[in-house]
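# Chain and residue survey
Chain by chain, the residues:
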Amino acid sequence: MMSRIEVAKVLADPKIGEKITVMGWVRAFRANRFIALNDGSGMNNLQVVIDYENIEAEVLENIKYHSCLKVTGELVESQGSGQAVELIADDIEVLGGNNLDEYPIQPKKMSMEFLREKAHLRMRTNTFSAVFRIRHAVAFAIHKYFNDNGYYYLHTPIITGSDAEGAGEMFRVSTLDPADAPKTEDGKVDYEKDFFEKPTNLTVSGQLQAEIGALALGKVYTFGPTFRAENSNTSRHLSEFWMVEPEVAFCDIHGDMDLAEDFVQYLIRYVIDNYMDELEFLDNRIKEEEKNMPKEKRRPMGLIEMLRFVVDNEFERITYTDAINILRNSKPFKKGRFEFEPTWGADLQAEHERFLVEKKFKKPVIVRDYPKDIKAFYMRMNDDDKTVAAMDVLFPYIGEVIGGSQREERMDKLTGRMAQMNIPEEELWWYLELRKYGGAPHAGFGLGFERMVQFITGMGNIRDVIPFPRTPGSAEF
Ligand code: 4AD
Ligand code: MG
């Protein structure tokens, strides 16, 4: 049995004078005497002090940056500043540390791009261990929020035969041999001979199945991986990402917006209340990074300050039509500084979203009632017959974190929309039956989990908040 105490526990409740054993990795080794040991249990290291009388020179020689050590010793009040307690080592065993001279990660500033290529090691750095502890915290808070509020966690399928968003950017799932696939008479691939006897894909969203759940259990949510084969090489897109999708019966677009606002504020508050060490570290990291940047490139607020700001202020709510008017009357538009012209009927571009959030309102903005032609078939038609009850929650730096809507519960309107958009009714017969048999007004949304974690950690690129990112041209690890 390996009996050890975790560093976070030692630091939270230090028992001075006690003999303890800790295990962890060397985050720093100063003056051949002081080791900063971290075992992943928290942000803070335990200072280990070498007692030369007890530790042999041979062992000392083998202690390198990122050696893995087992240390036994006495916990004492620290003589130095910077920590309250330290461990006077009387026995050190090197558990692992071969070839550390070749260790690619060095105790100095390294680029995020480089570290991404070392995804098997980057988690050992302060930055990434903080990010992934917070990622865990947000996931936990999501389940806690919904459980405490009477929602049921519904597992929706990852392999699907329907294209929920009509985006057509899906990964095919097939066991056919691409070089020798069976063909139909007209020369197309015969998916009836495929594993599921029909074309199937990795899901882009669990929403349509979540609607089934909402119309039975009242309030449900999904939280699982989703896949999009769009060729977007941006700092906000992944090909595989996690989405959280609550779906609520007897809820309209306004209730949907209330839920979205309350939910994301709760998630941020949870991290502020429980992971302040990590947030402070990440906050300082950004300040450090921005030190040498020109003022206009720096963030207007520190990370923690901004998180508090989002939690303490109501989000701005405007319609899409208002948004277009604001953008057309804005200085950047009049001075020709937008790359894309804000035009009624076209999607808001990232530059437009950023203007609304960062310049105009200086807080999260919920835009609703989008033109029907740029939105999915299932969104509820408004009385103007031009817009649908859709809403997007826009955040500073990252833009859209949430997309949602009230769903079309009226059979005739829904089938009418599907016909206009060439969506065959046979494919979604079960979705239509939800309207036929005891349908109810209902609404929901999807939160991009990584975008939320990106916002809370302040990381510049979404690839740095998921352990093993999948993006176009990249599926290592
Ligand atoms: O706006 P989207 O496409 O909405 C849906 O899929 C709806 N079915 C959700 C619902 O109503 N239940 O996606 C939802 C969110 C976006 O707001 C964004 O935060 C995130 O998912 N997202 C991505 N995150 C990372 N990488 C991508 N490629 C993403 N695409 C969307
Ligand atoms: Mg969207």
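Residues numbered from 1 in each chain as written. Chains lettered and ligands numbered in written order. Predicted model: local features only at pLDDT ≥ 70, side-chain atom pairs only at ≥ 80, totals over all residues. Heavy atoms only, no water.

## Structural notes on the overall build of the protein chain
On a plain count of helices and strands, the protein chain comes out with 14 helices and 16 strands. Each of the 477 residues in the protein chain was classed as buried or not, and the buried ones make up 50%. Considering only contacts within the protein chain whose residues lie at least 6 apart along the sequence, 68% involve residues at least 24 apart. Entry remark: accessible area of the protein chain is about 23700 Å², with carbon and sulfur atoms responsible for 48%. (Helix = DSSP H or I, 4+ residues; strand = E, 2+ residues; numbered from the N terminus. Buried < 20%, exposed > 50% of the residue type's maximum accessible area, 1.4 Å probe, protein only. Contact = heavy atoms within 4.5 Å. Areas by Shrake-Rupley, 256 points an atom, 1.4 Å probe, with all protein chains shown as cover.)

## Regarding the site of ligand 1
Glu165, Gln207, Arg228, Glu245 and Glu400 are the nearest of the 24 residues found near ligand 1. A distance of 2.9 Å separates an oxygen atom of ligand 1 from a polar backbone atom of Val401. Bound to the protein, ligand 1 loses 93% of the 630 Å² it would expose on its own. Where the shell around ligand 1 is concerned, the elements lending two or more residues are β11 (240–249), β15 (399–406) and β16 (442–448). Here the shell around ligand 1 takes five residues from β15, the largest share from any one element. Of the residues belonging to the shell around ligand 1, the class tally is eight nonpolar, eight polar and eight charged. (Near = heavy atom within 4 Å. Polar contact = N/O pair within 3.5 Å; in protein donor to acceptor, adjacent residues only side chain to side chain. Nonpolar A, V, L, I, M, F, W, Y, C, P; charged D, E, K, R; others polar.)

## Notes on the nonpolar core
Residues Ile142, Phe263, Ile268, Phe395, Leu447 and Ile456 are the most contacted members of the largest nonpolar core, which totals 72 residues. Other than its neighbours up to four places away in sequence, Phe395 contacts Val264, Ile268, Val310, Phe315, Val357, Pro364, Val401, Met452 and Phe455. (Core = buried A, V, L, I, M, F, W, Y, C linked by side-chain atoms within 4.5 Å.)

## So, the sheet that holds strand β7 (residues 159–160)
Strand order in the open sheet formed by three strands is β7-β9-β8, with antiparallel pairing between adjacent strands. Each end of this open sheet is capped by a strand with a single partner; those strands are β7 and β8 (172–173). Both β8 and strand β9 (residues 200–202) contribute to a ladder of two bridges, which runs antiparallel. Its bridge partner being in β9, Val173 is matched across the sheet by Thr200. (Pairing = 2+ DSSP bridges.)

## Quick word on the layout of surface pockets
Quantified by volume, the largest pocket comes out at close to 1200 Å³. Looking at the largest pocket, it is lined by 42 residues, and the ones nearest its centre are Glu165, Arg228, Lys375, Asp392 and Glu400. Among the elements that line the lining of the largest pocket, the one with the most residues is β15, at five residues. Grouping the amino acids of the lining of the largest pocket by side-chain chemistry returns 17 nonpolar, eleven polar and 14 charged. The computed volume of the second largest pocket comes to approximately 680 Å³. Looking at the second largest pocket, it is lined by 32 residues, and the ones nearest its centre are Arg299, Gly458, Met459, Gly460 and Asn461. Every element with two or more residues in the lining of the second largest pocket is listed here: α3 (112–116), α7 (276–290), α11 (350–361) and α14 (449–457). (1 Å grid on protein atoms, 1.4 Å probe; cavity = no way out; pocket = protein on both sides within 12 Å on 5 of 7 lines; lining within 4 Å. Points joined across faces, edges and corners; volume = space filled by probe spheres on them.)

## Overview of unusual backbone geometry
Located in the positive-phi region is His66, a residue other than glycine, with phi close to 75°. With respect to the helices, strands and loops of the structure, His66 is situated in the loop between α2 (57–61) and β4 (68–77). In this structure, Phe250 is a non-glycine residue whose phi angle is positive, near 60°. Exposure remark for Phe250: the relative accessible area of 70% places this residue in the exposed category.

## A few points about the packing of aromatic side chains
Applying the stated rule across the entire model yields 23 aromatic pairs. Among the aromatic residues, those joined into a ring-pair cluster are Tyr145, Phe146, Tyr151, Tyr153, Tyr221, Phe263, Tyr266 and Phe445. When the ring centre of Tyr370 is taken as origin, the NZ or CZ atom of Lys375, which lies over that ring, is 4.2 Å away. The ring centre of Tyr431 lies 4.0 Å from the NZ or CZ of Arg435, which sits over that ring. (Phe/Tyr/Trp six-rings, centres within 6.5 Å; stacked < 30°, edge-to-face > 60°. Lys NZ or Arg CZ within 6 Å of the ring centre and 35° of its normal.)

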